[in-house]
Amino acid sequence: TPGHAIHHLAYMVDGAVICGDIGGVRFNKGPAIPPCPPPDINIKDWIHSIERLSALRLSKLFLTHFGPFDDVQEHLAALKGRLISYTRFIREGMKGGLTQQELIDRFEEFFREEFKSLHLNEEMLAIYELTNPPWTNVLGLVRYLQKKKEAL
């Protein structure tokens, strides 16, 4: 299941999958978000891997960060949507000539605004920012877009 990294694998056991970072980061009832640090991010491969997992009609996802989730289809759909949304946000900023620091600042605000719109508290936001720092997502997505020059 490449995408987050070329070497990542998912393991299916009795209708559940241990998916590692390809399944995103999620805490409790919070959102599923994609960890996109450099150097290996490949958005097209990641979307394909999400779609492969979704087609299996799994009963449960076990994430590295953090735990089991039963709402597999909703989780994967939300993860795919955020992966596309994050990539588009960074691509538009790059097209607009933003510096790396400007991209980081704007993406951090974009990230925080999404959490506010989901009515998640500051403690939950802090946990997500610690586990999946927004600035690392910017670096990974910028590297991917510069390297691949691909559009979604």
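Right, let's walk through the structure included here. (Residues numbered from 1 in each chain as written. Predicted model: local features only at pLDDT ≥ 70, side-chain atom pairs only at ≥ 80, totals over all residues. Heavy atoms only, no water.)

Brief notes about the sheet that holds strand 3 (residues 60–63)
Here comes step 1: One open sheet accounts for four strands, arranged 1-2-3-4; its pairing is mixed. On the outer flanks of this sheet lie strand 1 (11–13) and strand 4 (67–69), each paired with one strand and no other. The sheet shows a mean angle of 25 degrees between the axes of neighbouring strands, taken without regard to direction.
Here comes step 2: Summarising the sheet, strand 1 and strand 2 (residues 16–18) pair through three bridges and their orientation is antiparallel. Within strand 2, the position partnered with Val13 by the bridge is Ala16. (Pairing = 2+ DSSP bridges. Helix = DSSP H or I, 4+ residues; strand = E, 2+ residues; numbered from the N terminus. Axes fitted to C-alpha atoms, helices over the stretch in contact; angles between N-to-C directions.)

What to know about the packing of helix 2 (residues 72–95) against helix 3 (residues 100–117)
Here comes step 1: Viewed as axis vectors pointing N to C, helix 2 and helix 3 meet at an angle of 145 degrees, and their least axial separation amounts to 10 Å. Where helix 2 crosses over helix 3, the two elements pack in a sense that is right-handed. Here Arg82, Ser85, Tyr86, Phe89, Ile90, Gly93 and Met94 of helix 2 lie close against helix 3, whose contacting residues are Leu103, Arg106, Phe107, Phe110, Phe111 and Glu114.
Here comes step 2: The residue inventory of the contact of helix 2 with helix 3, partitioned by class, reads eight nonpolar, two polar and three charged. (Left-handed = near helix turned anticlockwise from the far one by under 90°. Contact = heavy atoms within 4.5 Å. Nonpolar A, V, L, I, M, F, W, Y, C, P; charged D, E, K, R; others polar.)

Quick notes on helix 2
Here comes step 1: The first and last C-alpha atoms of helix 2 sit 34 Å apart over 24 residues, in line with the 34 Å expected at 1.5 Å per residue.
Here comes step 2: Along helix 2, the residues classified as buried are Val72, His75, Leu76, Leu79, Arg82, Leu83, Ile84, Tyr86, Thr87, Ile90, Arg91 and Gly93.
Here comes step 3: Contact partners of the buried residues in helix 2: helix 1 (43–55), strand 3, strand 4, helix 3 and helix 5 (134–148).
Here comes step 4: Following helix 2 by one or two positions, Gly97 adopts a phi angle in the positive range, close to 80 degrees. (Expected span 1.5 Å × (residues − 1). Buried < 20%, exposed > 50% of the residue type's maximum accessible area, 1.4 Å probe, protein only.)

What about the side chain of Arg82?
Here comes step 1: Note that Arg82 resides in helix 2.
Here comes step 2: Engagement of the side chain of Arg82 in a polar contact is seen with the backbone oxygen of Ala32, the distance being 3.0 Å.
Here comes step 3: Polar contacts involving the side chain of Arg82 include one to the side chain of Glu114, which spans 2.6 Å.
Here comes step 4: Beyond its immediate chain neighbours, meaning those up to four positions away, Arg82 contacts Pro31, Ala32, Ile33, Pro34, Glu114 and Leu118. (Polar contact = N/O pair within 3.5 Å; in protein donor to acceptor, adjacent residues only side chain to side chain.)

Focus on the pattern of salt bridges
Here comes step 1: As enumerated under the stated definition, the model contains seven salt bridges in all.
Here comes step 2: With its nearest N and O atoms 3.1 Å apart, the salt bridge here joins Lys60 to Asp70. One end of the pair, Lys60, is in strand 3; the other, Asp70, is in the loop between strand 4 and helix 2, with 10 residues separating them in the sequence.
Here comes step 3: With relative accessibility at 26%, the residue Lys60 sits in the partly exposed group.
Here comes step 4: Given a relative accessible area of 55%, Asp70 falls into the exposed group.
Here comes step 5: For the salt bridge of Glu113 with Lys116, the shortest nitrogen-to-oxygen distance reads 3.6 Å. Here Glu113 pairs with Lys116, and both are found in helix 3, just three residues apart, close to one helical turn.
Here comes step 6: According to the relative accessible area criterion, Lys116 is partly exposed, its value standing at 48%. (Salt bridge = Lys/Arg side-chain N within 4 Å of Asp/Glu carboxyl O.)

So far we have only geometry, and geometry alone does not tell us how the molecule works.
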